[in-house]
Amino acid sequence: EKEWRQLIQQIRGLYSGPLTYAANWGKEFEQLQFWDALDFIGLNCYYPLSKKDQPSKRELRNGFDLVLQKIEKVTKRFNKPLVFTEIGFRSVDGTWKNPHAEAQGRNVNEESQALAYEVIFEGIHKKDWYKGIFWWKWPSYLDHRGPVNTGFTPDNKKAEAVVEKWFEKTN
C-alpha cells in the first residue's frame, strides 16, 4: 500500500487528470486500502451472477444486486465514484456462472450474453456512484466479430443492441 501511495503521488506531480486503479473483483477490490488517494474506484468486475444454467432474469438481477452491495460498501467507505474498468460476458451458454472463464467448448449463445448485459445496465443506470463502463472486450479490429464468435465482444451480436439502447438512454 505504501508503495502504491508513493507512486500515485509521483504521478500526480506529472499528470493533472483523474486517476484510477483497475482492481480485480473479489478480495483485491473489496479490501484495497488506497482508494482514497485516487479520483475513481476502478473495478474489473467478473463476479458470478448465478450458479444456474438457466436462471430467470430476476434471479440474475438478484445475483447482481449482491455484487452491487459489495460495490456500494466500497464506494461509501471511500466516498468515491466507480468506473467499471472491465466487465464482460462471453456469448456462450451460462456466461453468468463464471464470467471471466474461457468458452471451454460451451455453445454459442448470443441471448445469454445480451441478457447479462441487460441485467448490468438495469442494475447500474440509476446509481449515483456509477460514472462509466469499459466493456471487455470490444476490439478495434473488425475481423474479430459476429455471432459465431464465443468471445467477449458484443460487436455484431445481440449484446451490441443492448449497449446501443442503454447508451442512448443516458445521452
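S.K.: What is the right way to read the overall build of the protein from this model?
M.R.: A count of helices and strands for the protein gives five helices and four strands. Listed N to C, the secondary structure of the protein is α-β-α-β-α-β-α-β-α in terms of helices and strands. Relative to the 2.2 N^0.38 estimate, which gives 16 Å for 171 residues, the radius of gyration of the protein is 17 Å and therefore close to what a compact globule would have. Considered along the principal axes of its C-alpha atoms, the protein spans approximately 50 × 35 × 35 Å. Counting all 171 residues of the protein, 47% fall into the buried class. Contacts in the protein between residues far apart in sequence, at least 24 positions, make up 60% of those at least 6 positions apart. Total accessible area computed for the protein in this model is approximately 9500 Å², and 51% of it derives from carbon and sulfur atoms.

S.K.: What is the right way to read the packing of helix α3 (residues 57–78) against helix α4 (residues 110–124) from this model?
M.R.: To describe two helices that pack against each other, one gives the angle between their axes and the distance between the axes. Two elements in contact, α3 and α4, have axes separated by 10 Å at closest approach and are oriented at 50°. By the criterion of interaxial angle, the relationship of α3 to α4 is oblique. Considering the relative orientation of α3 and α4, their crossing is right-handed. Contacts between α3 and α4 involve K57, L60, R61, F64 and L68 from the first element and L115, E118, V119, I120, E122, G123 and I124 from the second. Class assignment of the residues belonging to the contact of α3 with α4 gives a composition of seven nonpolar, one polar and four charged.

S.K.: How should I be thinking about unusual backbone geometry in this particular structure?
M.R.: With the exception of glycine, most residues fall at negative phi, and the peptide bonds are largely trans. For the bond running from W136 to K137, omega is 10°, close enough to zero to count as cis. Tracing the backbone shows K137 in the loop between β4 (130–135) and α5 (158–170). One non-glycine residue, N156, adopts positive backbone phi at about 65°. Considering the arrangement of structural elements, one finds N156 in the loop between β4 and α5. By relative accessible area, N156 is classed as partly exposed at 40%.

S.K.: Would you take a moment to explain α3 for this structure?
M.R.: Because each turn of an α-helix spans 3.6 residues, side chains separated by three or four positions end up pointing in the same direction. The first and last C-alpha atoms of α3 sit 31 Å apart over 22 residues, in line with the 32 Å expected at 1.5 Å per residue. Those residues of α3 not exposed but buried are L60, R61, G63, F64, V67, L68, I71, E72, V74, T75 and F78. Immediately downstream of α3, the backbone of N79 shows phi near 50°, a positive value.

What counts, and at which threshold
- Residues numbered from 1 in each chain as written.
- Predicted model: local features only at pLDDT ≥ 70, side-chain atom pairs only at ≥ 80, totals over all residues.
- Heavy atoms only, no water.
- Helix = DSSP H or I, 4+ residues; strand = E, 2+ residues; numbered from the N terminus.
- Rg over C-alpha atoms; globule rule 2.2 N^0.38 Å.
- Buried < 20%, exposed > 50% of the residue type's maximum accessible area, 1.4 Å probe, protein only.
- Contact = heavy atoms within 4.5 Å.
- Areas by Shrake-Rupley, 256 points an atom, 1.4 Å probe, with all protein chains shown as cover.
- Axes fitted to C-alpha atoms, helices over the stretch in contact; angles between N-to-C directions.
- Parallel < 35°, antiparallel > 145°, perpendicular 65-115°, else oblique.
- Left-handed = near helix turned anticlockwise from the far one by under 90°.
- Nonpolar A, V, L, I, M, F, W, Y, C, P; charged D, E, K, R; others polar.
- Expected span 1.5 Å × (residues − 1).

Shape is all these values report; function is a separate question.
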